[in-house]
Amino acid sequence: MVEQDGAATASGASEAVAAGGADYLPILLVPALAAAALPLIGNPVTWITLTIAALAMGMMIFVIASGLTLVFGLMDVLNFGHGAFIAIGAYLAMTTLVPLAGWIQADQLGLNLAALGLAILAAMAGTSVIGWAFERVIIMPVYGQHLKQILITTGGLIVTEQLIHVVWGGDQKPMPLPTALRGAITIGDVAVEKFRLLAMVVGLAVFVAMLLVLNRTKLGLLIRAGVENREMVEALGYRIRRLFVAVFVAGSALAGLGGTLWALYRETLTAGIGSEVIVLVFIVIIIGGLGSIGGCFLGSVLVAQMANYTGYLASKVALASNILLMVIILMWRPQGLYAVGGR
Amino acid sequence: MRWAGDKENPVERRAMINTLLSGDLPRSRLLSAVLVLILATLAAAPVLFPGAQAINTAAKICVFVVLVASYDLLLGYTGIVSFAHTMFYGLGGYGVGLALYTWGPTWTSALAGLSVALVTAIVLAFLIGLFSLRVRAIFFAMVTLAVASAFAILAAQLSTLTGGEDGRSFRVPELVRPNTLIELPFAGPITGRTIAYYVVFLSAFALFLAALRIVNSPFGRVLQAIRENDFRAEALGYRTVVYRTSANCLAAGMAVLAGALNSLWFRYTGPDTTLSFAIMLDILLMVVIGGMGTMYGAVVGATLFIVAQNYLQKLMGAAAKSTQALPLVPDLLQPDRWLLWLGVLFVLSVYFFPTGIVGKLRQA
């Protein structure tokens, strides 16, 4: 234990939160996995379609997972209730889209995107307020106590999921996809669904924005420093608690955004939507290395690739194959692809 | 040597109880009274309650006492959170159930199924422990959650083997079938249902005492030391990985036995009753409400929870009806929403009574 921690701190110090530095090896896993899948799938057109689907799905998972991993990195808080934010975001978006039905059904990209933008805004605003309250009421009293954190946030998850049932009812709801985003664009033989393109754009935008904030602003500098060594940042006179609340709220808002995208992708909505995604999100965070944004990005793509390829080849073992992926990566690097700050 | 006719002297009796409970007495008059009441009610359940629902409730309590006690070994005594406990419970349930279904209703096939389940569970627990307990305890919670979800989905998907979402109903060995009637020399006829109940009850009782024995052994002390301060335990020369992994394997084995008892009693196994995340949450609630790290909490928590589950929902239904005129209130009181209130209770008890009911009773 002690030796491991020491070694991890030494290697962790050379790596930033983002996948910078000299360690490019894990990035090669993505093309390697894609190349390995090609002969198994056989048909290159199917393979390209699956790979694009995987990239889109990966971006959605990344949006959800990034907030969670950053919160963990910064304050050592693992929020098992994150799944509830996903569900709340999706439900808020649906509630916003219902009165905007005219805008969604209109065959105009502008109106469609405006409706979608409003829905996403509502989802993010709602989940950030709820995230703030969650942090205040549920998490604040149990800082530094891992066991209680896991228990309390799981309790919070139960209560929030039940409240969704109370407010929105328990039955499955349809999630309307705007007209302009239905269907697919065909390039040669390959058909790419329009919504997947949107999801990819949004996910990439979030990733780039996050990298810019973390690497180019003072706020990001403080967050990165806090992940590496919290006490030192506090000793320099910064209130890491406030920083943490801000990151937590941002993470909740991202969960809301991710939940909206995920619900649109599924086109239906149940209160259990969060628990369904959260398993993949946990695998992503473990694979990426707890607290690492770059690892989280790579992990999301890898998990989505695995899910899509095996979903096509042998759908029954789709989730089990991701467990296998996790096991293999942990055998290679026990702390995840990018270990951060001795975690 | 003592003969049955000898008058027991109180000191000797106390020593016997002390040995039976491994020196870990309830340490509270009220708690002792509650435990004796629960034990007596469960022991006399077939005589006291002729109805099917009541006896099913009693059998379920017995099964869950074992399951929750084994979980307490992990959560309360070793301080690690596992979300895979239902996986092991399900392994036991499916192991015995599928063996009886495929190989016919004999004790041999039940035992064979149980052995396969036990070996699989312990190997799995060992591997999971080796992988995730090495790095960090928080890893373990996430890894177990992922593995358990994958297992539940796999069990539902492989429908030719497991019966899929519907699960499998099967026949149990003749001795414990409901329509078996056996003439006892002095007590008159006894049904197979009653025999089955006593098999479940006595096994649960023995397993609970075994769990009590484990946590009060030197091994159990080391587990508690790891829970309090793993760094210091490691510094004292205890290999924490070895101890944590052993605790994980032990708990998994006990969960398998609980699952086997469940199959024997209900003659059915399916994903919703053994593998679902909802059952995992139930176990968590029972441990926390009963009292983590006390073992007796498993008895109190499981009893309270299952009785509440069966009877509170009716009460909530009545309450929802009587408040129909108000907005939102009937929705909150609807019987399906009982998990909401338990969730609130759970959060509150983690904050305010981390030692649960048993801890509170011991303080008083």
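Residues numbered from 1 in each chain as written. Chains lettered and ligands numbered in written order. Predicted model: local features only at pLDDT ≥ 70, side-chain atom pairs only at ≥ 80, totals over all residues.

Caption draft 1: Structural context of the overall build of chain B. Within chain B one finds 18 helices and four strands. Over its C-alpha atoms chain B spans a radius of gyration of 21 Å, differing by no more than 12% from the 21 Å that the globule rule assigns to 364 residues. In terms of its C-alpha atoms, chain B occupies a principal-axis envelope of roughly 65 × 60 × 50 Å. Looking at the 364 residues of chain B, the share that counts as buried comes to 46%. Taking the contacts inside chain B whose residues are at least 6 apart along the sequence as the reference set, 72% of them involve residues at least 24 apart. (Helix = DSSP H or I, 4+ residues; strand = E, 2+ residues; numbered from the N terminus. Rg over C-alpha atoms; globule rule 2.2 N^0.38 Å. Buried ≥ 20, exposed ≤ 12 C-beta atoms within 10 Å, placed from the backbone. Contact = placed C-beta atoms within 7 Å.)

Caption draft 2: Here's a closer look at the overall build of chain A. The helix and strand tally for chain A stands at 14 helices and four strands. Its C-alpha radius of gyration of 20 Å places chain A within 12% of the 20 Å reference for a compact globule of 343 residues. Considering only C-alpha atoms, chain A reaches an extent of 55 × 50 × 35 Å along its principal axes. Taken across its 343 residues, chain A has 52% of its residues classed as buried. Of all intrachain contacts in chain A linking residues separated by at least 6 positions in sequence, the fraction that spans at least 24 positions is 77%.

Caption draft 3: Examining the nonpolar core more closely. By size, the foremost hydrophobic cluster in this structure holds 231 residues, and its most contacted members are V65(B) and V66(B). When residues in this core are grouped by element, the largest group, 20 residues, is from helix α3 (residues 44-75) of chain A. Once residues within four sequence positions are removed from consideration, V66(B) is found in contact with A204(B), L207(B), F208(B), M254(B), L257(B), A258(B) and L261(B). (Core = buried A, V, L, I, M, F, W, Y, C linked by C-beta atoms within 7 Å.)

Caption draft 4: Layout of helix α4 (residues 82-97) of chain A. With 16 residues, α4(A) should reach 22 Å at 1.5 Å per residue; the first-to-last C-alpha distance of 23 Å fits that figure. Of all 16 residues in α4(A), 14 are buried, a share of seventy percent or more. (Expected span 1.5 Å × (residues − 1).)

Caption draft 5: Representation of the interface of chain B and chain A. In this assembly, 38 residues from chain B lie in contact with 33 residues from chain A. Going through the elements one at a time, α7 (137-157), α14 (277-290), α16 (329-333) and α17 (338-352) of chain B are the ones with two or more residues in the side of chain B that touches chain A. Examining the composition of the side of chain B that touches chain A, we find that 14 residues originate from one element, α7(B), more than from any other. Looking at the side of chain B that touches chain A, its residues break down into 28 nonpolar, five polar and five charged. (Nonpolar A, V, L, I, M, F, W, Y, C, P; charged D, E, K, R; others polar.)

Caption draft 6: Looking closely at the pairing of strand β2 (residues 184-187) of chain A. Residue and element names in this part refer to chain A. Here β2 runs beside strand β3 (residues 190-193); their pairing, made up of four bridges, is antiparallel. Within β3, the position partnered with I185 by the bridge is V192. Counting the residues in the hairpin turn of β2 and β3 gives two residues, including G188, whose phi is positive at 65 degrees. (Pairing = 2+ DSSP bridges.)

Caption draft 7: Focus on the packing of helix α2 (residues 29-43) of chain B against helix α15 (residues 296-322) of chain B. All names here are of chain B. The N-to-C vectors of α2 and α15 enclose an angle of 60 degrees; their axes lie 11 Å apart at closest approach. The angle between α2 and α15 falls in the class oblique. The handedness of the crossing between α2 and α15 comes out as left-handed. Across the interface between the two elements, L31, V34, L35 and I38 from α2 touch Y296, V299, V300 and T303 from α15. (Axes fitted to C-alpha atoms, helices over the stretch in contact; angles between N-to-C directions. Parallel < 35°, antiparallel > 145°, perpendicular 65-115°, else oblique. Left-handed = near helix turned anticlockwise from the far one by under 90°.)

Caption draft 8: Geometry of unusual backbone geometry. Residues and elements named next belong to chain B. Positioned with a positive phi, S22 is a non-glycine residue whose angle comes to about 55 degrees. In this structure, R267 is a non-glycine residue whose phi angle is positive, near 55 degrees. Relative to the assigned elements, R267 resides in the loop between α12 (240-266) and β4 (268-269). Exposure remark for R267: the 18 C-beta atoms within 10 Å place this residue in the partly exposed category.

Caption draft 9: Summary view of the pairing of strand β3 (residues 188-191) of chain B. All names here are of chain B. Bridge analysis of strand β2 (residues 181-184) against β3 gives four bridges, and the strand direction is antiparallel. Within β3, the residue paired with L184 across the bridge is G188. Hairpin geometry of β2 and β3 is characterised by an intervening segment of three residues between the two adjacent antiparallel strands.

Caption draft 10: Region of interest: the confidence of the model for chain B. Looking at chain B, pLDDT values average 88 and 97% of them are 70 or higher. As a predicted assembly, this complex carries a pTM of 0.88 together with an ipTM value of 0.83. (pLDDT = per-residue confidence, 0-100.)

Caption draft 11: Local environment of the environment of V222(B). All names here are of chain B. Checked against the element boundaries, V222 lands in helix α10 (residues 218-228). Considered as a pair, V222 and L202 are 20 residues apart in the sequence and their alpha carbons are 29 Å apart. If near-sequence neighbours (up to four positions away) are discounted, V222 is found in contact with A233, Y238 and Y243.

Caption draft 12: The environment of P178(A), seen in detail. Residue and element names in this part refer to chain A. Residue position: P178 is located in the loop between β1 (173-174) and β2. It is 16 Å that separates the C-alpha atoms of P178 and L92, two residues lying 86 residues apart in sequence. Ignoring sequence-local partners within four residues, the contact set of P178 consists of I104, N112, A115 and L116.

Caption draft 13: Inspection of helix α5 (residues 85-103) of chain B at higher detail. Residue and element names in this part refer to chain B. Between its terminal C-alpha atoms α5 stretches 27 Å, which fits the 27 Å expected from 19 residues at 1.5 Å a residue. Most of α5 sits out of view: 17 of its 19 residues are buried. Following α5 by one or two positions, G104 has its phi on the positive side, about 95 degrees.

Caption draft 14: Up close: the environment of V233(A). Residue and element names in this part refer to chain A. Among the secondary structure elements, V233 is positioned in helix α10 (residues 230-235). On the basis of neighbour counts, which here come to 21 C-beta atoms within 10 Å, the residue V233 falls in the buried class. Between the alpha carbons of V233 and L222 there is a distance of 7.4 Å; along the sequence they are eleven residues apart. Among residues more than four places away in sequence, those in contact with V233 are L222, A225, G226, Y238 and I240.

Caption draft 15: Geometry of the packing of α3(A) against helix α11 (residues 240-266) of chain A. Residues and elements named next belong to chain A. At a minimum axis distance of 7 Å, the contact between α3 and α11 shows a crossing angle of 160 degrees. Accordingly, the angle class assigned to the pair α3 and α11 is roughly antiparallel. Judged by the sense of rotation from one axis to the other, the crossing of α3 with α11 is left-handed. Across the contact of α3 with α11, the residue classes tally to 18 nonpolar, five polar and no charged.

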